[in-house]
Amino acid sequence: MDIKEKFMSFIDKQKISLKAPAATLPGGDFVTSDDFEGRTAVAAQPRRQNSLLREQALTPEAEQAVIDGIEQVYFEAEDVDVGEHELKKFPEAIDVHVINGLRSRLRKQHNIVSRRVSDLIMQKQGLCSEEMARVMELQREVIREVGLCVEGRRKLAQGRSQFTSASLGILANYSKRQKIASVIRSLRMIRTLQMTDEQLQTLLRAEDYPGAIQLLLECQKAAATFKHFTCISELSTKLQDTLEVAEEQLDQGLARVAANFNVRSYEKLQTAYGLLGKTQTLMDQLHMHLTSHIHNSAFTIVLGYVELYNSAAVGGNGAMIGTSSSTSSSSKLQYSELCKYVNEESFLPCLLDLSKCMWNVLRSYRSIIKWHEDNKPAGGDDTLAVANSNASNGGEGSTSEQYIKQKLEHGLFRIWQDVQAKVRTFTLASDLSHFKFDDFLRILDVINKLIEVGECFCGSKSETLRESIKQQSINYFRNHHRARMEELHMFLENEGWEACPVKSTFTIHQLMEYRFLRGRDTSLTRITSPSASPTKSQGGGGLGGSEKGDIFEKYGEEASPFDLVTEEAVEEDIMANGETGGNGGSGGMSDDDDDSDEDLPEELKRDYVDEQPGEAPPPSSRNTPKHLRHSKASIVTNTTLTILRLIGKYIQMMRLLQPIAFDVMVCLSHLFDYYLYSVFTFFGDRGELEQSLSRRLRASLKRIQDSLILSPDTPPEDPVDQNKVLCPSLSPVVDITSPESICGLSVRVVAVESLAFLAAQLEALHCHIEPLIPQQRRTFLQQFYTGTVKITPEIRHHVYTAVAAQAIDYDGVLSRMSSVKWDISDLMSQHSQYVDLLLRQLQVLSMRLEEVSHTSPIPEEAYMALWESIVRITNRTLLEGFASARRCTNEGRSLMQLDYQQFLMKLECLTSVRPLPDRHLVETYIKAYYLPEGALEAWVQQSLNDYSARQLNSLVATMTHVSKRTRQRIAALIEESGKKT
């Protein structure tokens, strides 16, 4: 009984004592006010209890809000009829609900005001206590006086009646009164017990399980005390039934906690089971509910998607007959059979929902473990400690705690195995080979995250789940790669080899396939691998490892790793829209470039060039062509972009499934190998220039041809050649033989530079790819980069050499040189005409390069490589022409020097290549004519690798100052060297 009830009871007693200080029984006896205390309390107590049960606890803010809502009329000091005021609020059409609402609001305001008044009274309790002390003192005085009066009356009555029967009657009545008081107490307890059921239901509905169990136990104890009453035995049976119902509700609450953990609910359940002495039973039931929830929720989620698909399919056909029968038949299937009916469209959403559901179960179980770690009996909650002490005595408490600990530890692996089995069954039930690549990557990402969750949850490597998705991934990727290679074959056969107009700032990071490298540290060594890496610590597995913290703490109670992250819908912005200086034709050229011939010196416009020996070349702006200053954009083709996108997807596959990362890397190398081989096949001249191929380039091309190129004569069903692709053929619309286009220089530049760009991107991705490859397989990666990627400059050199070999009429130059007489006796100041012919052809070539650069900008690397090849072949041609001289004099040798110096001076005006390739070979060959006989043999010995045998023999044959014996000895030396090579 609280202070308010005590105060009200005291006021009642005072009223009774004032109104009826004494009453006379029928026998003439007097009854004091003490006789009515029990009766009054008994009558008032049930009413107040019922009133307290109906009251609803409100927060102080809510109470203040209700008080603020009271109308001003109730606070006016004037005499106001509030009843009439409230009646005016009634609507014209009487509605009992509106009246009840008004009545409820007034009652609620009245109760809160009464409570607030009571609180104010309680605040004055000190003054009240002092006043009550004085009242009590006055009461004691009054009682003392009344006692004196009663004593006087009793003595008077005793004086009047001295008979023994009267005394015995008094004793009998007193004994009867004591028995009646005892009966009243028992009846009061019985009544309380009878009212317990309603209170129990209220507590259970409010999920106050400890209060309900505590009340039940107290009622059972009281029932045992009053078991001699007949009604109590029936009440004991009812209490036992109520206890069973309460345990069922406890079990239901435990099932809800297993599905979605709540700290307060679990604490109540722990306390309730502790009061019942069934803490171990709670653990057993908890694990049973977790297992049941995993099975039921997985089945429900899959069944929902199957029924949704079936209803959509039936609705699409316009026939609704049989829908209910198919639904009922689906619900009777086993989970493994039901998963087979999930179609491709709903597979990924179903997998996400299934993973989220399993995540909630695992998170709830982790929260339960954390709760037990934080609430050990030594430092736990007092209520829980009392419950545990009631549930176990002595050593039983430690035994129960040990049982709970072992149960929770074993439950980690058991629950994860159930989760893993459900997801594995769902994954293996569907054929993933026809899924889109992006969808398959999403599926791998979900499975990978689930594996990481399992590793953080219990340290499991989830080998079962890994093996299932590994086999599906291998089958899927083989089919996917085969289809992509066939597409690449088709793209290459239809490729026009025109530069795709990308922005000058284009990088692969702007492609959507490389979005996983944006906005964060792009080192993939920090990205968790789905399989154990050689460099990974044993305890730092996945997202929950020591390197990245606990995944359950990372996502909290609301989010999950499987939530769809809403990314900004950013489209790829890689195309140049009228960008100045881009790849878009002549849009980036200056006005001065339109009249390029005006910048040429007059002498270069003539059919021959006349310049005195030793005269310095005039300055020319052509040393640095203007188009080199703005053609800085990357040159890529549509096929190049396709390969880059495929490489990005393949790297994502390697990240998400490391067990097949090496297989994916092999397929990735096929993409580059096939593109490189196609470019070389299309634009690399296989005539005489093929002999100049380096040993490394020749070996790489042979390897690609043997491992990747399918022979046209091979039957398609041959299983040995399933991974091979037919060699593509150049599109008929591409012309690489026209002299006007410099043998298709623009398409050759696009092809070679796009290959170089692709190789550069692979070099940049090397640091991201290497950590994904197992340590024992990285030799293949190294061989791929050194044997294929790094030979791209050689492909560029070979292709541009093929252009350079056809751009100039070298045979005509040799024919002109063969007609020159080198055995002259007088040296003229005029150089030979073949020099003018050669320079004019080079000048025309330079102007054509300028014209080509207007429509298809030539990068500086391509420009320099082309001129290097041209200069090298030209020098080799001049060297061959000088070696064709059968007779030569000192004056003829001086003419050679004059011709070559004239050629060099004009050539340096045409190109900015420095140093000029093979210049020293020509100059040394000319000057070797003047070597004395003693030094000639040593020079020939050193130059065997620089000059051909014919060139050396021709040089020695024209040297008249060398003896015949020396010539024979040198010829034998040259012949012997030729045999060795």
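Reading guide: rules and limits
Residues numbered from 1 in each chain as written. Predicted model: local features only at pLDDT ≥ 70, side-chain atom pairs only at ≥ 80, totals over all residues. Heavy atoms only, no water. Helix = DSSP H or I, 4+ residues; strand = E, 2+ residues; numbered from the N terminus. Buried < 20%, exposed > 50% of the residue type's maximum accessible area, 1.4 Å probe, protein only. Contact = heavy atoms within 4.5 Å. Areas by Shrake-Rupley, 256 points an atom, 1.4 Å probe, with all protein chains shown as cover. pLDDT = per-residue confidence, 0-100. Salt bridge = Lys/Arg side-chain N within 4 Å of Asp/Glu carboxyl O. Axes fitted to C-alpha atoms, helices over the stretch in contact; angles between N-to-C directions. Parallel < 35°, antiparallel > 145°, perpendicular 65-115°, else oblique. Left-handed = near helix turned anticlockwise from the far one by under 90°. Arc of directions from axis to C-beta. Phe/Tyr/Trp six-rings, centres within 6.5 Å; stacked < 30°, edge-to-face > 60°. Lys NZ or Arg CZ within 6 Å of the ring centre and 35° of its normal. Patch = residues over 30% accessible without salt bridge, like charges linked within 9 Å, V, L, I, M, F, W, Y side chains within 5 Å. Nonpolar A, V, L, I, M, F, W, Y, C, P; charged D, E, K, R; others polar.

Undergrad: Can you break down the overall build of the protein residue by residue, with the values?
TA: From N to C terminus, the protein includes 35 helices and four strands. Within the protein, buried positions represent 42% of all 981 residues. Within the protein, contacts between residues separated by at least 24 positions form 80% of all contacts whose residues are at least 6 apart in sequence. Summed over its atoms, the accessible surface of the protein is roughly 52,500 Å², and 52% of this surface lies on carbon and sulfur atoms.

Undergrad: Would you mind going over helix α34 (residues 949-958) in detail, with residue names and values included?
TA: Among the residues of α34, Q951, L952, S954, L955, V956 and T958 are the ones counted as buried. In this structure, the buried residues of α34 make contact with α30 (860-883), α31 (890-910), α32 (919-927), α33 (933-942) and α35 (964-980).

Undergrad: Describe the confidence of the model for the protein, listing the residues and the values that go with them.
TA: Within the protein, residue pLDDT values average 77, and 75% of them lie at 70 or more. Mean pLDDT in the protein bottoms out at helix α21 (residues 602-605), which sits at 40, and peaks at α32, which reaches 94. Low pLDDT (under 50) marks residues 578-630, which in the prediction has 89 contacts with non-local residues, meaning those over four places away or in another chain.

Undergrad: How would you explain the pattern of salt bridges if you had to name every residue and give the values?
TA: The full count for this structure, using the stated rule, is 29 salt bridges. For D706, the salt bridge is made with K702, and the minimal N-O distance between the two is 2.6 Å. Here K702 and D706 lie together in helix α24 (residues 695-708), a separation of four residues that amounts to about one turn. Judged by relative accessible area, D706 falls into the partly exposed class, the value being 41%. Between K790 and E763 there is a salt bridge, and its shortest N-O distance comes to 3.1 Å. Here E763 lies in helix α25 (residues 745-769) and K790 lies in the loop between α26 (778-787) and α27 (792-807), a separation of 27 residues in the sequence. Judged by relative accessible area, E763 falls into the partly exposed class, the value being 32%. Connected through shared salt-bridge partners, E63, R115 and R116 make up one network.

Undergrad: Go over the packing of helix α29 (residues 833-855) against α30, please, and point to the residues and values.
TA: As a packed pair, α29 and α30 sit with axes 13 Å apart at the nearest point and diverge in direction by 165 degrees. The orientation of α29 relative to α30 falls into the category roughly antiparallel. The chirality of how α29 crosses α30 is right-handed. Listed contacts from α30 to Y834, L838, L842, L845, S846 and L849 of α29 are Y863, L866, W867, I870, T874, L878 and F882.

Undergrad: Talk me through helix α28 (residues 810-818); I want residue IDs and the actual numbers.
TA: Taken together, the buried positions of α28 are Y810, G812, V813 and M817. Down the axis of α28, the sector holding all buried residues measures 160 degrees, keeping them to one side. Exposed side chains of α28 directed beyond 90 degrees from the buried face belong to D811 and S818.

Undergrad: Lay out unusual backbone geometry with the relevant residues and their values.
TA: A cis amide bond links R914 with the next residue in sequence, P915, at an omega value of -10 degrees. By the element assignment, P915 lies in the loop between α31 and α32. Non-glycine residue W497 carries a positive phi angle of around 55 degrees. Secondary-structure assignment places W497 in the loop between α19 (463-494) and α20 (551-555). Accessibility expressed as a relative area gives 1% for W497, which makes it buried. Phi is positive for C743, close to 60 degrees, though the residue is something other than glycine. Summarising the element assignment, C743 is placed in the loop between β4 (725-726) and α25.

Undergrad: Talk me through the packing of aromatic side chains; I want residue IDs and the actual numbers.
TA: In total, this model carries 24 aromatic pairs according to the counting rule given. An angle of 40 degrees between the planes, with centres 6.4 Å apart, marks the rings of F437 and Y650 as tilted. Pair noted here: F437 is in helix α18 (residues 437-458) and Y650 is in helix α22 (residues 638-656), with a separation of 213 residues, a long-range link. Given the relative accessible area of 0%, Y650 is considered buried. In this structure an aromatic cluster arises from ring pairing among F437, F440, Y476, F477 and Y650. For the cation-ring pair, K422 lies above Y335, with the distance from its terminal atom to the ring centre recorded as 4.4 Å. Over the ring of F662 we find R777; its NZ or CZ atom is 4.3 Å from the centre of that ring.

Undergrad: With reference to specific residues and values, describe the side chain of Q761.
TA: Along the chain, Q761 turns up in helix α25. According to the relative accessible area criterion, Q761 is buried, its value standing at 14%. Once residues lying within four places of it in the same chain are set aside, the contact partners of Q761 are I508 and L644.

Undergrad: Go over a nonpolar patch on the surface, please, and point to the residues and values.
TA: Taken together, L138, V142, V146 and V150 make up a surface patch of nonpolar side chains, about 300 Å² in accessible area. Positionally, V142 belongs in helix α6 (residues 125-160). Under the relative-accessibility criterion, V142 is labelled partly exposed at 43%.

Undergrad: Please give an account of the packing of α18 against α22 that cites residues and values.
TA: Interaxial distance between α18 and α22 falls to 10 Å at its minimum, and their mutual angle equals 20 degrees. The angle between the axes of α18 and α22 places the two elements in the roughly parallel class. Where α18 crosses over α22, the two elements pack in a sense that is left-handed. Only K649, Y650, Q652, M653, R655 and L656 of α22 make contact with α18, whose side of the interface consists of F437, D438, F440, L441, L444, D445 and N448. Its residues assigned to classes, the contact of α18 with α22 comprises seven nonpolar, two polar and four charged.

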